[in-house]
Amino acid sequence: MEKILIVVGAILLIVAVTEIAPRIRVPAALALVVIGAAIGIMPIVPALHLDPEWILVGVLPPLLYAAAVQMPAMEFRRDFGTISALSVLLVLVSALALGFFFWAVVPGIGLATGVALGAIVSPTDAVATSIAKKLGVPSRVTAVLEGESMLNDATSLVLLRAAIAATAATISFWGVLVNFVYAVLLAVAIGAVVGMLNLRVRARVHDPAVNTAISFTVPFLAYLPTEELGASGLVAAVTAGLITGAGATRFLTPRHRISDTQNWRMIAMLAEGGVFFLMGLELFGLMGDVVNEHNGVQHAVWLGLAALGVALAIRAVYIVPLVWWVDRRRQRGEAMRPILENYTATATAGASRRDDARVRRRFTRWRRRFRLRRHPDPDKTAPTTMSPETAGRINARITRALADIDYYDDAPLGRKEGVIMVWAGLRGVVTVAAAQTLPDDTHSRSLLVLTAFVVAAASLLLQGGTLSWLIRRLRLPDTVEDKRAERLRLRAEMDATMQTAMAQSEMVREIPWLRARIEQATREAEDVGGDDGDMNDGDGEGGNPDGGPAIGTGATYGLNLAERAQMRAVRREIIAVQRARLLSLRREGSYSSAALSRVLNQLDAEEISLELQGG
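Just so we're clear, the structure is a prediction, and the values are computed from it rather than from any experiment.

1. What to know about a positive patch on the surface
Next, step 1: Together, Arg200, Arg204, Arg250 and Arg587 give the surface a local cluster of positive charge.
Next, step 2: Residue placement: Arg200 occurs in helix H9 (residues 173-202).

2. Regarding the nonpolar core
Next, step 1: Judged by nonpolar contacts, the single largest core of 98 residues is most densely connected at Leu86, Phe102, Ile120, Val121, Leu160 and Leu450.
Next, step 2: Broken down by element, the residue count for this core peaks at 16 residues, all from helix H19 (residues 445-474).
Next, step 3: Once residues within four sequence positions are removed from consideration, Phe102 is found in contact with Ile109, Gly114, Leu117, Gly118, Val121, Leu303, Ala307 and Thr451.
Next, step 4: Counting 16 residues, the second largest nonpolar core, distinct from the first, contains Ala183, Val218, Ala222 and Trp264.

3. What to know about unusual backbone geometry
Next, step 1: The backbone phi angle of Ser444 is positive, close to 55 degrees, even though this residue is not glycine.
Next, step 2: Take Ser444: it is sitting in the loop between helix H18 (429-435) and H19.

4. Topic: the packing of helix H2 (residues 28-41) against H19
The axes of two packed helices give the description: the angle between them and the distance between them.
Next, step 1: With their axes 10 Å apart at the nearest point, H2 and H19 run at an angle of 145 degrees to one another. Judged by the twist between their axes, the crossing of H2 over H19 is left-handed. Judged by residue contacts, Leu30, Val33 and Val34 of H2 engage Leu460, Leu461, Gly464 and Gly465 from H19.
Next, step 2: Among the residues making up the contact of H2 with H19, the classes are represented as five nonpolar, two polar and no charged.

5. Thoughts on the environment of Pro254
Next, step 1: Topologically, Pro254 is positioned in helix H12 (residues 254-294).
Next, step 2: On the accessibility criterion, Pro254 (6% relative accessible area) is buried.
Next, step 3: When the C-alpha positions of Pro254 and Glu607 are compared, they lie 7.4 Å apart, and in sequence the two are 353 residues distant.
Next, step 4: Setting aside residues up to four positions removed in sequence, Pro254 forms contacts with Arg579, Asp604, Glu607 and Ile608.

6. Overview of the confidence of the model for the protein chain
Next, step 1: For the protein chain, per-residue confidence averages 80 on the pLDDT scale, and 83% of positions sit at 70 or higher.
Next, step 2: Segment residues 531-551: pLDDT under 50, and 51 contacts once partners within four positions in sequence are set aside and those in other chains are kept.

7. Quick notes on helix H16 (residues 388-410)
Next, step 1: When the terminal C-alpha atoms of H16 are compared, their 33 Å separation across 23 residues agrees well with the 33 Å that a helix rising 1.5 Å per residue should span.
Next, step 2: Within H16, burial applies to Thr390, Ala391, Ile394, Ile398, Leu402, Ala403, Asp404, Ile405, Tyr407 and Tyr408.

8. Quick look at H2
A turn of α-helix holds 3.6 residues, and therefore any two residues three or four places apart point the same way.
Next, step 1: Taking 1.5 Å per residue, 14 residues should reach 20 Å; H2 reaches 20 Å between its end C-alpha atoms and fits that length.
Next, step 2: Along H2, the residues that are buried comprise Ala29, Leu30, Ala31, Leu32, Val33, Gly36, Ala37 and Gly40.

9. Let's talk about the pattern of salt bridges
Next, step 1: Scanning the entire structure with this criterion turns up 18 salt bridges.
Next, step 2: Of the charged contacts in the structure, one is a salt bridge between Arg337 and Asp409, with a shortest N-O distance of 3.1 Å. With Arg337 in helix H13 (residues 298-341) and Asp409 in helix H16, this residue pair connects regions lying 72 residues apart in the sequence.
Next, step 3: Residue class for Arg337 comes out buried when judged on its relative accessible area of 16%.
Next, step 4: Overall, the relative accessible area of 25% leaves Asp409 in the partly exposed class.
Next, step 5: Of the charged contacts in the structure, one is a salt bridge between Arg579 and Asp604, with a shortest N-O distance of 3.0 Å. With Arg579 in helix H23 (residues 561-588) and Asp604 in helix H24 (residues 593-612), the pair connects residues that are 25 residues apart, well separated along the chain. Of the two residues, Arg579 and Asp604, neither departs from the other in class, the shared state being buried.
Next, step 6: One connected set of salt bridges, linked through shared partners, spans Asp327, Arg330, Glu334, Arg337, Asp406 and Asp409.

About the criteria used
- Residues numbered from 1 in each chain as written.
- Predicted model: local features only at pLDDT ≥ 70, side-chain atom pairs only at ≥ 80, totals over all residues.
- Heavy atoms only, no water.
- Patch = residues over 30% accessible without salt bridge, like charges linked within 9 Å, V, L, I, M, F, W, Y side chains within 5 Å.
- Areas by Shrake-Rupley, 256 points an atom, 1.4 Å probe, with all protein chains shown as cover.
- Salt bridge = Lys/Arg side-chain N within 4 Å of Asp/Glu carboxyl O.
- Lys, Arg positive; Asp, Glu negative; His and termini not counted.
- Charge placed at Lys NZ, Arg CZ, Asp CG, Glu CD.
- Helix = DSSP H or I, 4+ residues; strand = E, 2+ residues; numbered from the N terminus.
- Core = buried A, V, L, I, M, F, W, Y, C linked by side-chain atoms within 4.5 Å.
- Buried < 20%, exposed > 50% of the residue type's maximum accessible area, 1.4 Å probe, protein only.
- Contact = heavy atoms within 4.5 Å.
- Axes fitted to C-alpha atoms, helices over the stretch in contact; angles between N-to-C directions.
- Left-handed = near helix turned anticlockwise from the far one by under 90°.
- Nonpolar A, V, L, I, M, F, W, Y, C, P; charged D, E, K, R; others polar.
- pLDDT = per-residue confidence, 0-100.
- Expected span 1.5 Å × (residues − 1).

Okay, here's the thing in structure tokens:
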């Protein structure tokens, strides 16, 4: 009974803090850490020592999976190079530099142990990075930080395992490299298979409750077998989430998608809040262990603060050239724009498969030459014989490349964004959980674990507590008008798609008055939704998931039941065409993921509303 009451009380506390914290402009995670620490100090509360497996196996896979499902696939692809540079090379550099630092300042530990602790405190944390997302960080910076925090766990945990193994036996650099490549590649393969099977199985399940229950098992189905095979289970869970998120609109019904979103949000909220609350509760027990072994906690505190300072300095030094490289890439894209805009692949009758293969190879070689700063005219290098399929594929790639160039221009990663990327790289629960996996016979283990905790707690309190102030001080350009213009352009695109769908509808041709009624219903829905003045992107959602005015009351006035059913049938035809057009626009990259997701959510809500009305 007591344990149930404790769980219920913790849930109510997390819910209360999550609701109240934004009103007083304090991140909920920080508030929960402080509250947990205050409760843990009370004499009636026993010292808490949580098994790290609960976090590494029970909490992180679903949390990272939930974050990956919501990750915009388009932005992830566009900044994959930047994300990879941060999640692999930066972690390696930070872990080695911090390893030498710990080796120099902590008496009695070897270099391998120092590198192990460096690997623990190097990665940023997906749960902690969610703080930055809620504070108005630019969407591109948020996408890079989320991608980094989802993938750098693999680098840090593989390096941690190698360092722990090196404390007991000799291990070569090439052995670590091979182990890392194996861990990542196998994890990606297993995660991809699980993600695709997840979509195909759930596409055949019609009950939303059953469908969501299946989704709860997916991160563990990806994580557990991958870990058994010695690879990174967290990367497998992230891969499964990315594939699920990218294919959800195609394979899952609106009911399933909305049910998934709401249930996973609830789980993420409780899991994130619980993790930060437990971090605070564990503080007193860790302090007690260090006091018994080292006669005070001062050494661990200054060691943790110094380690955080070193990690931030390394991150700043690393991000400066990275931002320069990203800007150079943007400039190369600008130079490439006039060539791409003036090139169109034209199909030729009688093209063979050999011709298609030749044109694809030569088009790829041309792009490679351009990246090497040679600027040949594609008309001089591209063959003239190709099939309609190959011409369409090349033109689609050109369209997407132009959209990517526009994206890099509209959302640059400059000096101010680089400052945010440095300061928003928060440490969190992964650092605390990974520290507790250190072997029990590790020299000064309690000191090292408390040091990792100080790094995570100080990062959350200092960086997380001042990030909002930093964003205000940087005075980033206001993008409200740009977002408004984009949404109006997308609305015009949807209106044109609606007209095309009605022109192709047999029912509209047979019943001409349906066109005017559908147009009236659309205007009424837009009037209720306003002029898209709400620029709160958040996670890219918009519209009421419970269903809005799918068919306006004025548009249906005076219609009998049969005529209303005809209107609903036509509107469902239009929704199908509009959704297909949105997916096409997403592949082209013509609009931001936030704008596309907002309209997709509105279509989902309207389709559910039509179903509830009997359509």
